[in-house]
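Observations on chain architecture
Now for the letters of each chain:
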Amino acid sequence: MLKRTQRTRQEYLYTKSLEGAERVQYEKKRRLRQALEEGKPIPTELRNEEHELRRQIDLEDQERQVPKSIVDNEYATANIREPKIMLTTSRNPSSPLVQFVKELKVVFPNSQRINRGGQVISEIVESCRSHDITDLILVHEHRGQPDGLIVSHLPHGPTAYFGLLNVVTRHDIKDRKAMGKMSEAYPHLILDNFSTKIGERTATILKHLFPVPKPDSKRIITFANRDDYISFRHHVYEKPGGPKSIDLKEVGPRFELRLYQIKLGTVEQNEAQSEYVLRPYINTAKKQKTLGS
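Residues numbered from 1 in each chain as written. Predicted model: local features only at pLDDT ≥ 70, side-chain atom pairs only at ≥ 80, totals over all residues. Heavy atoms only, no water.

Scanning the chain from terminus to terminus reveals 7 helices and 11 strands. In the chain, buried positions account for 42% of the 293 residues. Contacts in the chain between residues far apart in sequence, at least 24 positions, make up 65% of those at least 6 positions apart. Counting every atom, the chain has about 17500 Å² of accessible surface; 50% of that belongs to carbon and sulfur. (Helix = DSSP H or I, 4+ residues; strand = E, 2+ residues; numbered from the N terminus. Buried < 20%, exposed > 50% of the residue type's maximum accessible area, 1.4 Å probe, protein only. Contact = heavy atoms within 4.5 Å. Areas by Shrake-Rupley, 256 points an atom, 1.4 Å probe, with all protein chains shown as cover.)

Encoded structure:
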């Protein structure tokens, strides 16, 4: 098992190293194609390679015109199999953190929860790989309040690090009559205002935690981005008076997420390259909208 993991990791790194050369070749073909379409002279630096580039352009179909990124390979099997999620916590979790993770287990379909105990992260990741787990979610706390959530896609990444704010669990809500019943049906997703490149990347990480729902599912999960804070809401709805009347009830839990890092690797790989890091202390940080407009 260890040798297979090392081999697949080496294949992943080799494929990733080829991205730069493929991007340079794609840029050359794009410039040659543009010159031919506009009737302009061939750029001087491309004249020695013109014949080979023309041959490659003639052989390309619509799918091969745009170079494939390693990002496309990370979720290549997402349409074939449903996600399997492992939930765990930091060591010695408090009762509020355990309660929050129990509710997350119902939020994410096909998920299971394990007690952290004395296991280190590398052992948990290897165990998840051997059992074909697609995503590992770690929840952290500070003084009894959940304050961090890590989503690590397996077997090779990416890993997204979120800060947790304003956590309200179902256990904290006193008015049980106004709260809807927790459904275990596959939910419909609403991803609002993830318009930038990093926003689309974050939306991809979040949406692949959920399987494809049935059309008649009455469960809705919303990730709404406002000023780079992602609000999570969980609702169920009914139509008591026909298709034009909708009774919407919040189920819970509710919380806010703040993305602060995306890493091209799994959670135990400290040497993995960072794709995005939040830098809140630079002068223009307040003006920038990382995830959306």
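With that settled, consider the pairing of strand β5 (residues 159-168). With respect to burial, β5 is a largely interior element, 7 of its 10 residues being buried. By the bridge criterion, 5 bridges tie strand β4 (residues 145-153) to β5 in an arrangement that is antiparallel. Looking at β5, one finds that Ile150 is bridged to Tyr161. Hairpin connection between β4 and β5: a loop of 5 residues separates the two successive antiparallel strands, and Gly157 in this loop has a positive phi of roughly 115°. Note that β5 and strand β10 (residues 254-264) share 8 bridges and pair antiparallel. The residue bridging Phe162 from the neighbouring strand is Leu259, located in β10. (Pairing = 2+ DSSP bridges.)

What follows covers the environment of His208. With respect to the helices and strands, the residue His208 is situated in the loop between α7 (197-207) and β7 (219-226). Linking His208 and Ala78, residues 130 residues apart in sequence, is a C-alpha distance of 7.1 Å. For His208, the residues in contact, after removing those within four places along its chain, are Tyr75, Ala78, Pro83 and Asp135. At 2.8 Å, the side chain of His208 forms a polar contact with the backbone oxygen of Thr204. (Polar contact = N/O pair within 3.5 Å; in protein donor to acceptor, adjacent residues only side chain to side chain.)

Bringing empty space enclosed by the protein into the picture now. For the coordinates displayed, the defined rule picks out 1 cavity of 30 Å³ or more. Looking at the largest cavity, its volume works out to about 60 Å³. Lining the largest cavity are Phe108, Leu149, Val151, Leu206, Leu209, Phe223, Phe232, Phe255 and Leu257. For the lining of the largest cavity, the secondary-structure elements that each account for two or more residues are β4 and β10. Taken together, the residues of the lining of the largest cavity break down into 9 nonpolar, no polar and no charged. (1 Å grid on protein atoms, 1.4 Å probe; cavity = no way out; pocket = protein on both sides within 12 Å on 5 of 7 lines; lining within 4 Å. Points joined across faces, edges and corners; volume = space filled by probe spheres on them. Nonpolar A, V, L, I, M, F, W, Y, C, P; charged D, E, K, R; others polar.)

Taking 1.5 Å per residue as the helical rise, helix α2 (residues 19-38) with its 20 residues ought to reach 28 Å, and the 28 Å between its terminal C-alpha atoms agrees with that figure. For α2, the full list of buried residues reads Glu19, Lys29, Leu32, Arg33 and Ala35. One or two positions beyond α2, positive phi appears at Gly39, with a value near 70°. (Expected span 1.5 Å × (residues − 1).)

Applying the stated criterion across every chain yields a total of 6 aromatic pairs. Here the aromatic rings of Tyr161 and Tyr260 are separated by 6.1 Å at their centres, their planes lie at 45°, and the arrangement is tilted. Of the two residues, Tyr161 is situated in strand β5 and Tyr260 in strand β10; the sequence distance between them amounts to 99 residues. Assessed through its relative accessible area of 10%, Tyr161 is described here as buried. (Phe/Tyr/Trp six-rings, centres within 6.5 Å; stacked < 30°, edge-to-face > 60°.)

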